[in-house]
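# A look at the structure
One letter stands for each residue in the lines below.
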Amino acid sequence: MKKTLSLVLALILSVFCLASCGGESIDVNNAYDLYANAMKAAENGMEVKMTMNVAGVDTVTNLKLGKDACEITTTVEGMESAIIFVDGVMYMEMDLGALGGVQKMKQELSFEEFMEENGSGTDMPDLTKEMLKDIKVETVDGKKSFTIDLTSQSELVESMLGKEYADANLGSASLTCNFSAKGVMTGYSLNCFITVMGQSMELDIQMEITSIGKQPTISAPEDADSYKDLSSLGGLLG
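Residues numbered from 1 in each chain as written. Predicted model: local features only at pLDDT ≥ 70, side-chain atom pairs only at ≥ 80, totals over all residues. Heavy atoms only, no water.

### Structural notes on the confidence of the model for the chain
- Per-residue pLDDT for the chain averages 80, and the proportion of residues at 70 or more is 77%.
- Predicted confidence in the chain is weakest over helix α1 (residues 2–17), with a mean pLDDT of 54, and strongest over strand β7 (residues 138–140), with 95.
- Counted against residues more than four places away or in other chains, residues 17–23, with its pLDDT under 50, gives 22 contacts.
- The low-confidence segment residues 120–125, where pLDDT is below 50, has 18 contacts with residues more than four positions distant or belonging to other chains. (pLDDT = per-residue confidence, 0-100. Helix = DSSP H or I, 4+ residues; strand = E, 2+ residues; numbered from the N terminus. Contact = heavy atoms within 4.5 Å.)

Right, dumping it as structure tokens:
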């Protein structure tokens, strides 16, 4: 479960961290302009639904991400988990089923510590203007999209997948970004083949962006006082 969560956060963080490349004007027929504008908007917050399939196992995640807070609910093979980070505290609720029932824990830490431990860090490479200069924007029913082959960009893909997959060997990889007719990003899909400890697997991610450019409302759980405080014990991330 923790490995799945780390991958989910890494992928989400990858989008959030690319927000440094935005611009003021936008040409909806230019791949870089579309992407840069969307990533700039992501600085102000986003809400997404992500469906991820790794080696045949589905994970569904709903996320709200703000500048210094996030809320994540994840379902993997019938087991659910929820994480809320707000006001310097991470709250985690996990349903372990027969393995332990519902567990509720909390830990004090900074937003940077939370994202760095669970995601890929903040120094991943961008989809640069050079990389996108020859990428054609397709238009279907007024909606825009473009696809870029990332097979030769192993460092970028590895950064998106996070440190849990640092030892994986990358095969083919492609990224498709989708936009509305006005150039608002509506989602993306990442498909790649990786080899981990000699085992090859396909990884497919479909991310639907339900809101971008707006700060979501994120609050601590109503029963926050009942969560077991692990801060003095080294915490969940210690």
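### Considering the sheet that holds strand β5 (residues 89–95)
- In spatial order, the strands read β7-β8-β9-β10-β11-β1-β2-β3-β4-β5-β6-β12; together these 12 strands make up an open sheet with mixed pairing. Every interior strand has two partners, whereas the edge strands, β7 and β12 (228–229), have only one.
- For strand β4 (residues 79–86) and β5, the ladder comprises 6 bridges, and the chain directions are antiparallel. Each bridged residue has a counterpart across the sheet, and for Phe-85 the counterpart in β5 is Met-90.
- Contacting β1 (46–54), β8 (143–149), β9 (169–179), β10 (185–196) and β11 (199–212), helix α2 (residues 31–42) runs over the sheet at an angle of about 85 degrees to β9. (Pairing = 2+ DSSP bridges. Axes fitted to C-alpha atoms, helices over the stretch in contact; angles between N-to-C directions.)

### Some points on the pairing of strand β3 (residues 70–76)
- On β3, burial follows the alternation: Cys-70, Ile-72, Thr-74 and Val-76 on one face are buried, whereas Glu-71, Thr-73 and Thr-75 on the facing-out side are not.
- Of the pairings in the sheet, the one linking strand β2 (residues 57–65) to β3 comprises 7 bridges and is antiparallel in character. Paired with Val-60 across the strands is Thr-75, a residue of β3.
- Between the antiparallel neighbours β2 and β3 lie 4 residues.
- In textbook terms, the turn of a hairpin is the stretch between consecutive antiparallel strands, and for β3 and β4 this stretch comprises 2 residues, one of which, Glu-77, has a positive phi near 50 degrees. (Buried < 20%, exposed > 50% of the residue type's maximum accessible area, 1.4 Å probe, protein only.)

### Considerations on the pattern of salt bridges
- Enumeration according to the criterion identifies 2 salt bridges in this entry.
- With its nearest N and O atoms 2.5 Å apart, the salt bridge here joins Lys-104 to Asp-223. Remark: Asp-223 occurs in the loop between β11 and β12 and Lys-104 occurs in strand β6 (residues 102–108); sequence separation between them is 119 residues.
- A relative accessible area of 27% places Lys-104 in the partly exposed class.
- A salt bridge links Lys-133 to Glu-130, with the nearest nitrogen and oxygen atoms 2.9 Å apart. Grouping residues by exposure puts Lys-133 and Glu-130 together as exposed. (Salt bridge = Lys/Arg side-chain N within 4 Å of Asp/Glu carboxyl O.)

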